[in-house]
Amino acid sequence: SQSEYLEFPSLNIQLDDGSLTGDCKMTLTGPYKANFNLNLDHINLQPILSMLVTLLPAPTEAEANSAIPVELLSSLSIDGKIAGSAVKIGAEFLIDHMTIEVSAQEGILQLNPITLSAYEGGHNCSIALDVTKATPVLKIVEQANNVALEPWLKLFNLPNTLLGNAEVKISLDAAGSSF
């Protein structure tokens, strides 16, 4: 049987002084698939992220009682790219330029690469979640160069106890049914 899907072949949304353009196609019933190529220009992501949460399917009872929706993540098929300039998150955090490639196939969800330039610094990051194993595995690798600390501390509501710029390298591996 054919899945119901939502398709935007020539997306062009003007929001305030910004725009969201590109194309997007996603299924509305399982198995869940999404393909997209989106470009953001002078956009605040906070309202968009809130809207996307409402489009996600409701978790099954088993998924609601588990921190990681393994069954749902195992069935995802995603191939997408998001690029942007002058992208805000909330009222105060501004990303000068960004690119994110998203893929999911056979229980492995990846955001790789994630590149950001913000507040005089650059970020290269990858995030992978593998739910094919008995215990799901999360891997995060981040390298940030010349990053101004204060805006990041504000974004994550952390105390502003560090000043200046930093070089950061993070490699995190975690395993478990919740993170």
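Up top is the structure.
Residues numbered from 1 in each chain as written. Predicted model: local features only at pLDDT ≥ 70, side-chain atom pairs only at ≥ 80, totals over all residues. Heavy atoms only, no water.

Draft legend 1. Geometry of the nonpolar core. Counting residues in each nonpolar core, the largest one holds 31 residues, and the members touching the most others are F36, L40, I78 and M98. Going through the elements one at a time, β2 (18-27), β3 (33-41), α1 (45-55), β4 (77-89), β5 (93-105), β6 (108-118), β7 (121-130) and β8 (137-148) are the ones with two or more residues in this core. The dominant element in this core, judged by the number of residues it contributes, is β5, at six residues. Excluding its chain neighbours within four sequence positions, the residues that come into contact with L40 are S19, L20, L45, I82, A83, G84, S85, V87 and M98. (Core = buried A, V, L, I, M, F, W, Y, C linked by side-chain atoms within 4.5 Å. Buried < 20%, exposed > 50% of the residue type's maximum accessible area, 1.4 Å probe, protein only. Helix = DSSP H or I, 4+ residues; strand = E, 2+ residues; numbered from the N terminus. Contact = heavy atoms within 4.5 Å.)

Draft legend 2. Region of the structure containing the pairing of β2. Where strand β1 (residues 5-15) lies against β2, nine bridges are found, and the strand directions are antiparallel. Considered in β2, the bridge of Q14 is made with S19. Between β1 and β2, which pair antiparallel in sequence order, lie two residues; one of them, D16, sits at a positive phi of approximately 50 degrees. The pairing of β2 with β3 spans eight bridges and is antiparallel. Directly across from T21, in β3, lies its bridge partner N39. Connecting β2 to the antiparallel partner β3 that follows it, the hairpin turn spans five residues. (Pairing = 2+ DSSP bridges.)

Draft legend 3. Looking closely at the pairing of β8. Here β7 runs beside β8; their pairing, made up of nine bridges, is antiparallel. Residue pairing across strands places H123 opposite A144, the latter belonging to β8. The hairpin formed by β7 and β8 contains six residues between the paired strands. As paired elements, β8 and strand β9 (residues 165-175) share 10 bridges and run antiparallel to each other. Among the inter-strand pairings, V137 is bridged to a residue of β9, identified as A175.

Draft legend 4. Looking closely at the sheet that holds β4. In space, the nine strands of this open sheet follow the order β1-β2-β3-β4-β5-β6-β7-β8-β9, with mixed pairing throughout. On the outer flanks of this sheet lie β1 and β9, each paired with one strand and no other. Averaged over all neighbouring strand pairs, the angle between strand axes comes to 10 degrees, with direction disregarded. Sheet analysis places β3 next to β4, joined by nine bridges and oriented parallel. Paired with N35 across the strands is D79, a residue of β4. (Axes fitted to C-alpha atoms, helices over the stretch in contact; angles between N-to-C directions.)

Draft legend 5. Up close: the pattern of salt bridges. For the coordinates displayed, the defined rule picks out two salt bridges. A salt bridge links K133 to D130; the nearest nitrogen and oxygen atoms lie 3.1 Å apart. Overall, D130 belongs to the buried group, its relative accessible area being 14%. Where K139 meets D173, a salt bridge forms, and the shortest distance between an N and an O atom there is 3.4 Å. Note that K139 is positioned in strand β8 and D173 in strand β9, a separation of 34 residues in sequence. On the basis of relative accessibility, which here comes to 35%, the residue K139 falls in the partly exposed class. (Salt bridge = Lys/Arg side-chain N within 4 Å of Asp/Glu carboxyl O.)

Draft legend 6. Highlighting the layout of surface pockets. Each pocket or cavity is described by its volume, and for the second largest pocket that value is around 200 Å³. Taken together, L15, D16, D17, H42, I43, N44, P47, I48, A86 and K88 form the lining of the second largest pocket. Those elements that place two or more of their residues in the lining of the second largest pocket are α1 and β4. (1 Å grid on protein atoms, 1.4 Å probe; cavity = no way out; pocket = protein on both sides within 12 Å on 5 of 7 lines; lining within 4 Å. Points joined across faces, edges and corners; volume = space filled by probe spheres on them.)

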